[in-house]
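Structural features, examined
Listed here are the chains, written in short residue letters.
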Amino acid sequence: MIVYLVSSILRILEFLFFARAIMSWFVQGSGSKIYEFLCLVTEPLIQPFRSLLSRVDALRNSPIDFSFMLAFLVLVVLEQVLYML
């Protein structure tokens, strides 16, 4: 039961990450209340990776947000580990 609940939460977070990524591509979407909500929910998960990757000089000025991708990848891996349990 707990594994199902946690995996459901991880799936919801993955969806929120995906929605944030899609909305960030559009100028109209990046200023909306929905986008602000998505940032509010997902940013606490991304921030530790962002501070970790900011220590790497080559990634500091990159136009690609690798911290976002790394946080999403960790969510996917956690979900797969839960499915193996």
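Quick look at the structure, then. Treat the numbers as computed from the prediction; the structure is a model and nothing was measured.

1. Some words on helix 2 (residues 33–53)
Working note: α-helix, 3.6 residues per turn, so residues spaced by three or four point in the same direction. Relative to the 30 Å expected for 21 residues at 1.5 Å per residue, helix 2 spans 28 Å between its end C-alpha atoms, a close match to the ideal helical length. The largest bend in helix 2 amounts to roughly 50° and is located at Glu43, with the proline Pro44 lying one to four residues further along. Those residues of helix 2 not exposed but buried are Tyr35, Leu38, Cys39, Thr42, Ile46 and Leu53. Residues of helix 2 that are buried in the fold lie against helix 1 (2–24), helix 3 (57–60) and helix 4 (66–84).

2. Concerning the nonpolar core
By size, the foremost hydrophobic cluster in this structure holds 15 residues, and its most contacted members are Phe17, Leu38, Ile46, Phe68 and Leu75. Elements supplying a minimum of two residues to this core: helix 1, helix 2 and helix 4. Here this core gets 7 residues from one element, more than from any other, and that element is helix 1. The contact partners of Leu38, leaving out residues within four places of it in the chain, are Leu16, Ala19, Arg20 and Met23.

3. Topic: the packing of helix 1 against helix 2
Where helix 1 meets helix 2, the axes come as close as 9 Å, and the angle between the chain directions of the two elements is 120°. On the basis of the axis angle, helix 1 is oblique to helix 2. Classified by chirality, the crossing of helix 2 by helix 1 is left-handed. On helix 2, the residues touching Leu13, Leu16, Phe17, Ala19, Arg20, Met23 and Ser24 of helix 1 are Ile34, Tyr35, Leu38, Cys39, Val41, Thr42, Glu43, Leu45 and Ile46. A breakdown of the residues in the contact of helix 1 with helix 2 according to their chemical character gives 12 nonpolar, 2 polar and 2 charged.

4. Some details on the pattern of salt bridges
Scanning the model with the defined rule gives 5 salt bridges in all. Notably, a salt bridge pairs Arg20 with Glu43, separated by 3.0 Å at the nearest N-O pair. In this pair, Arg20 sits in helix 1 while Glu43 sits in helix 2, placing the two residues 23 residues apart along the sequence. Assessed through its relative accessible area of 10%, Arg20 is described here as buried. On the basis of relative accessibility, which here comes to 21%, the residue Glu43 falls in the partly exposed class. Measuring nitrogen to oxygen at the nearest pair gives 3.0 Å for the salt bridge that ties Arg60 to Asp57. Linking Arg60 with Asp57, this pair stays in helix 3, spanning 3 residues, or about one helical turn. On the basis of relative accessible area, Arg60 is assigned to the partly exposed category, the value being 48%. On the accessibility criterion, Asp57 (58% relative accessible area) is exposed. Within this structure, Arg20, Glu43, Arg50 and Asp65 form a network of salt bridges that share partners.

Conventions used here
- Residues numbered from 1 in each chain as written.
- Predicted model: local features only at pLDDT ≥ 70, side-chain atom pairs only at ≥ 80, totals over all residues.
- Heavy atoms only, no water.
- Helix = DSSP H or I, 4+ residues; strand = E, 2+ residues; numbered from the N terminus.
- Expected span 1.5 Å × (residues − 1).
- Bend = angle between axes of the 7 residues up to and from the residue.
- Buried < 20%, exposed > 50% of the residue type's maximum accessible area, 1.4 Å probe, protein only.
- Contact = heavy atoms within 4.5 Å.
- Core = buried A, V, L, I, M, F, W, Y, C linked by side-chain atoms within 4.5 Å.
- Axes fitted to C-alpha atoms, helices over the stretch in contact; angles between N-to-C directions.
- Parallel < 35°, antiparallel > 145°, perpendicular 65-115°, else oblique.
- Left-handed = near helix turned anticlockwise from the far one by under 90°.
- Nonpolar A, V, L, I, M, F, W, Y, C, P; charged D, E, K, R; others polar.
- Salt bridge = Lys/Arg side-chain N within 4 Å of Asp/Glu carboxyl O.

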